[in-house]
Structures are given as structure tokens and as C-alpha cells.
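Analysis of the macromolecular model
So you can see what is in the structure, the chains are spelled out below.
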2 protein chains.
Amino acid sequence: MKIPTIIPCILSLLICCSACAGDPLPSWQDTAPKQAIIAFVGKVTQPGSSDFVPVAERIATFDNDGTLWAEQPVYFQTAFSLDRIKALAPQHPEWTNREPFASVLKGDLKSALAGGDQAQLEMTIAVQAGMTTDEYKRAVTDWLAVARHPRTKRLYTEMVYQPMLELLAYLRTNGFKTYIVSGGGVDFMRPWSEKVYGIPPEQVIGSSLKRKFEFRDGRPVLVSTPELNLIDDNVGKPVGIESQIGRRPIASFGNSDGDRQMMQWTAAGSGPRFCLFVHHTDAEREWAYDRKSADGRFDKALDEARAKGWTVASMKDDWKFIFVGDQK
Amino acid sequence: MKIPTIIPCILSLLICCSACAGDPLPSWQDTAPKQAIIAFVGKVTQPGSSDFVPVAERIATFDNDGTLWAEQPVYFQTAFSLDRIKALAPQHPEWTNREPFASVLKGDLKSALAGGDQAQLEMTIAVQAGMTTDEYKRAVTDWLAVARHPRTKRLYTEMVYQPMLELLAYLRTNGFKTYIVSGGGVDFMRPWSEKVYGIPPEQVIGSSLKRKFEFRDGRPVLVSTPELNLIDDNVGKPVGIESQIGRRPIASFGNSDGDRQMMQWTAAGSGPRFCLFVHHTDAEREWAYDRKSADGRFDKALDEARAKGWTVASMKDDWKFIFVGDQK
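Since we're looking at a predicted model, the values are computed, not measured. (Residues numbered from 1 in each chain as written. Chains lettered and ligands numbered in written order. Predicted model: local features only at pLDDT ≥ 70, side-chain atom pairs only at ≥ 80, totals over all residues. Heavy atoms only, no water.)

**A word on the interface of chain B and chain A**
With 43 residues of chain B at the contact, the number on the chain A side is 43 residues. Summing both sides of the interface, chain B and chain A together bury roughly 3,800 Å²; the carbon and sulfur share of this comes to 60%. Linking chain B to chain A there are seven salt bridges. Two residues, A:Arg247 and B:Glu202, come together in a salt bridge whose shortest N-O distance is 3.0 Å. At the junction of chain B and chain A, the tally comes to 15 residue pairs in polar contact (both at pLDDT 80 or more). (Contact = heavy atoms within 4.5 Å. Buried area = accessible area lost by both parts, 1.4 Å probe. Salt bridge = Lys/Arg side-chain N within 4 Å of Asp/Glu carboxyl O. Polar contact = N/O pair within 3.5 Å; in protein donor to acceptor, adjacent residues only side chain to side chain.)

Have a look at this one:
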């Protein structure tokens, strides 16, 4: 064995060792959800157990908005769209007479968002179509470096949930491959998912526009078109999972009705399965919303979770800390 | 450290050790292509080198038909379609009057394939649309277990190239993530790619039909529709790569004009890049074809490879053995 080759081996040995020590989920209360997670991971990783799952099949899928990071008062991608529309307005004189853009430019957020998901989708497409993948990535990265959440004044990437970061790490330590499966844009998440969540771009599944290969200034580029490729929400989530992974997850994590079909698809496989919803119950430390919320509505999925015995984790009761950094 | 946890650590140590020993590409002649591969891998894995590439960025993409396994006298997926059409004919009386199906059922392969790629695509869609992902997977697996290549009488999965298996393993040992990026159907390749190539389903990118989430007999299923999702060939290859990986490969391997845009996309990234074409030059041990072949045409890409100094490996001159098992 050459010396350079032995180094990764020793490193992997050290990583194995450190991962065994201590409580893997210190920001979770010692309540039922934490116990259910640990029991599930214990049985699927126990060699010889009838519930044992080979490493290659340990696929875990996570919704993003409201599951890994916050989604109030608006989806963070929508906050990005709003800022981009203002920045790009000089190049789009037609926006002054066209909704939802006109309201955005007047600073009337309520009217701009009155069109619901459709209005947000139109804004998303407007700020991405025509850009190359590299240009869009740069725009997202530049924005995230400076934009602040209106209430907490934190960077948006500091609005991620500490208990979920611990859960991602715990699953990976136990041989799981962790994926994001989000209604949000895949190109919006990939530039920072590895740094923030430890999830590489190839394990991020999301909504997307169709892309086109062409040459600009003699160099090959990929350009986003205004045509939708996939809405990775509701029935689109199992479709996105099959398209990109080609295996059924054994564990899924979400927070809203948009995650219901992903859970149904996960739960319908053979062998041990685990489904968990994050319930936004903490008006003081985060937000409290479920059945009547426009974004992140948790209604049919809450009924189904209760009927089927899926785990529901209450932010207020089951999490010691909410955001990364809160525990310091 | 618990005992069960130490086992994978020791295993990974052993795997590291065994991979360093001996010639990693024993079925390649010691000619320019092998030397170019080894020089490239050496420099991107050399810590401290200006050409060093972090493990996460070591993405290598491989075409399948004609690059990892043979593609003559017809694409193997077309051989599957032909057999399926015959098997399904009783349920499709309309096929007796519709081309290319009528010719297939008469046993007139030449007329059936006269429609070129379009005819093959129609057959592909006809044998998959309406099936659930599980049903289709079973059909592919059952067929591959018994179908034999018309000339060699081998199983199709024994028509894979030994030098390319060694190359896949060599790259993985050096921290590369190996992907298939094929014009063939993703659902046709995923059931066997892990067993045959060591490439898991989530690292297989291919052409696909749109899928639909629905309930059948009270259970959630994914059903293929007759509508195309992606033709993962030519300009579709960089699109498929971006969609599923979200990173640009640093090395790509192909054999035909359909791989040209994948190579252009790979080569246009910054830092060290490697592009290799397999040239079918061995009429005795395999097939000899390039500029004038209907399937696997290698014409514009051959010119571009020569102009840009991309590596072209001649099966006849650069490979000691062709198919898996030949070296025994």
C-alpha cells in the first residue's frame, strides 16, 4: 500500500469511531419521535436482523422548505425572486403593466402573492429563463451571501433546523444516502446544499425548467427555457425520486401536504419504512401553522399521518433547539 | 467503538489495500490510450498538484451502447423490444396492420428497422407505456436471464467489454463517481447496471418516458406514459447530466457522434479534462464500423477528437481482450 492511499483508509476509520460516541441527536428531546428514529435506524442496520437493509438500499428523502429550513413569511426562493425582479426591472419595461411583477415593483407584496403558487411560479420562471446554469448559480450564491431574513435578520442559510442537521448526519453515519426532494427549484438549492446540509448536488431533486444545450461566444452552455420540466411537489415527488434515484426510499421526512405522495410511495415498499412530519407548533421560537396556511399547508397529510401511525414531531415539544447556532 | 461498527472500517481498509496492487488495466495494451488514462488519473489524484481535483468533483460519465457493451447487429434494447412485441402481439391486434410492428410480427427485421431511430423509438414506447416501473423492471430482468445474442450465443450481459470494466473499477478506486449517460432507456439499464458494471441505479442517466403517480388496486404505483421525457442523446446528454448530477464531468467516455456534445460539455470545464472514444476497429473479435454505420455512427466525433487531441482507443490495437470472460 502506498502512503497516499493509506490516508483515506485511516480517515474513514477515525470517522467510524467518532460517530459511535455520544448522543447522535442532542437537539431532540427524549420523546417519542427521537426514540422512533433511533429504533428504526437500529433495526435496519443490525446485521442478521430480519429488518436489516443493505447500505445500497438505505435511501432517505427530505423535503426542504419547512423541513430542513424555514418557509415563512414566504418561501425563501420567492424572497430571491422578489429581489431579482427589482434588480432586473430596468431590462423589463413590460413588467410595470403585468402582474404579479407590477405589484412587486410597487412594493405591494400582498397583491404580488395574491395569485398563490401560480404567481410564485411565474416569478421563478421570469428570473431564471434565458440564463445559463453558471449565471443562475452565481446569482443565487451572490444573493445568499448578503440577503437577510426579514424577521430574524439572519442569513437565509442560517435559518436551517439544527435537529434536522443532526438527523441528516446521523443517517449518513449509519450508511444512508440522504436526498433533498423539494418543490423548490433544483438549481436554487444545488449551489449551497453541500455546504449547508452536506448533501451534494447530485442528491438534490427539485422542480426545474427545461434546459437547452447551445453555444454562446463559442463555448457550450446550458440555458434554462421558460418551459417547465418538473413540478417536484405532490404527485411530482415520487416521479422526481424515480427519475433521479431509481430506487424507492425507505425513510422520508416532510412537513406538508405536498409531501403526502412521497410518504405514500415510501411507505408502500416492502420491509421496514419510516415516515416523519415536522409539525410547526412553535409560534415563539419559529412559527405555528398547519391546516390553514397558504404555504406549507399540513392538513390531509396530518390526518393521514395519524391514521397510519407515521411519526409527527412537534417543534415545540420535541426539539430543544430550532435553528443552527441556537444551541450555543 | 462497537464491534459491528468496526467491521465496515476493516473492510474498507482491506479494499483500499487490494486496489493498489498490480496493473489496474491488465486488458489494455501498453499503448497511448492506457498511458493517457493513467497519466490523467495520476495528476488529478496527486495532492498538492495544480491539477488535483477533490473527490467530490471526480465525476466520470460513460455512454453505454458501443462503449460499455456491444451494439451490433442491433441495439440490445431493440432486441428486447422485438421479443416483447412478439410476446404482446395477442393483446394488440392493431399491430398486424401498423409498421414497424407488422414487419416485426412477420419476422422481417430489415423492414421493421428501415424506419431508423424513429421506428426503434416507437417500439420502445409501445412495449413500456402503461406498465408500472416494477412490471417493466421484471420484464427486462426476465428477458436478460434467457435471451442470447444472435452471433455469440452469449447472454447480453456477457457482451460487456472487459477493458471498460477494469477502467470503471480503476476510476472508482481513485475516488471517481462513475455514471452511465446513454441514449438507451434508463429503465432498461437500471435493473442490471449495479450487478454488471458496479453502477447503482441512481448513477444511471438515460432516455425516459414521462411517469405518472397513481393508485392501482389500492397501492401507489408509477406508470410510464407514451410521452417522451428526455432523449438522452446528442444535445440531450449534457441536459441529462445537468438534470441528474448538477456538476460537470471531468472525464467522459463514448464511441459515437451521439456522445459529441457530452465531450464538448466535459472538455469546456476548467482544470484537467479527459475525453476518450472507443473505436470499433476489430471485425474479427467484435465489429468494425464508424463513419457509415447506422447505429453507433462515429464520423463528426472522430474528426473532432482528432482535431482536439481527445483520446481514441482502437479495439484492435489497444485492447488485449474484448468481452468479459475472454481473458480466462
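**Digging into the pattern of salt bridges**
Tallied over the entire structure, the rule returns 36 salt bridges over all chains. A:Arg211 is the partner of A:Asp187 in a salt bridge, and the nearest nitrogen-oxygen pair spans 3.2 Å. Of this pair, A:Asp187 sits in helix 9 (residues 186-197) while A:Arg211 is found in strand 3 (residues 204-216), placing the two residues 24 residues apart along the sequence. There is no split in this pair, since A:Asp187 and A:Arg211 are both buried. With its nearest N and O atoms 2.9 Å apart, the salt bridge here joins B:Asp30 to B:Lys34. Residue B:Asp30 is classed as exposed on the basis of its relative accessible area, which comes to 56%. Classification of B:Lys34 by relative accessible area gives buried; the value is 4%. Three or more residues are tied together by salt bridges with common partners; here these are A:Glu57, A:Lys177, A:Arg247, B:Glu194 and B:Glu202. (Helix = DSSP H or I, 4+ residues; strand = E, 2+ residues; numbered from the N terminus. Buried < 20%, exposed > 50% of the residue type's maximum accessible area, 1.4 Å probe, protein only.)

**A short note on the pairing of strand 6 (residues 274-279) of chain B**
Residues and elements named next belong to chain B. Most of strand 6 is tucked away, with six of its six residues classed as buried. Of the pairings in the sheet, the one linking strand 5 (residues 251-254) to strand 6 comprises four bridges and is parallel in character. The partner of Gly254 across the bridge, within strand 6, is Phe277. In this region the chain leaves strand 5, passes through helix 11 (residues 260-267) and returns to the parallel neighbour strand 6; the handedness of that crossover is right-handed. As paired elements, strand 6 and strand 7 (residues 311-314) share four bridges and run parallel to each other. Pairing of Val278 across the sheet is with Ala313, part of strand 7. In this fold, strand 6 hands off to helix 12 (residues 300-308), which returns the chain to strand 7; that crossover is right-handed. (Pairing = 2+ DSSP bridges. Right-handed = clockwise from strand over helix to strand, strands pointing away.)

**What about the nonpolar core?**
B:Trp28, B:Ile37, B:Phe62, B:Met164, B:Leu167, B:Tyr197 and B:Phe253 are the most contacted members of the largest nonpolar core, which totals 66 residues. Residues contacting B:Tyr197, with those up to four places away along its chain left out, are B:Asn64, B:Leu68, B:Trp69, B:Val160, B:Leu165, B:Leu168, B:Arg172, B:Ile180 and B:Trp192. Counting residues in hydrophobic clusters, the runner-up holds 65 residues, among them A:Phe40, A:Val41, A:Val53 and A:Met315. (Core = buried A, V, L, I, M, F, W, Y, C linked by side-chain atoms within 4.5 Å.)

**As for unusual backbone geometry**
Across the junction of A:Gln72 and A:Pro73, the peptide omega takes the value 0°, indicating a cis bond. Tracing the sequence through the fold places A:Pro73 in the loop between strand 1 (59-62) and helix 3 (76-88). That bond from A:Glu99 to A:Pro100 is cis: its omega, 5°, falls within 30 degrees of zero. By the secondary structure assignment, A:Pro100 is in the loop between helix 3 and helix 4 (101-106). You will see that B:Asp217, though not glycine, has its phi angle at about 50°, which is positive. Mapped onto the fold, B:Asp217 is located in the loop between strand 3 (204-216) and strand 4 (219-230).

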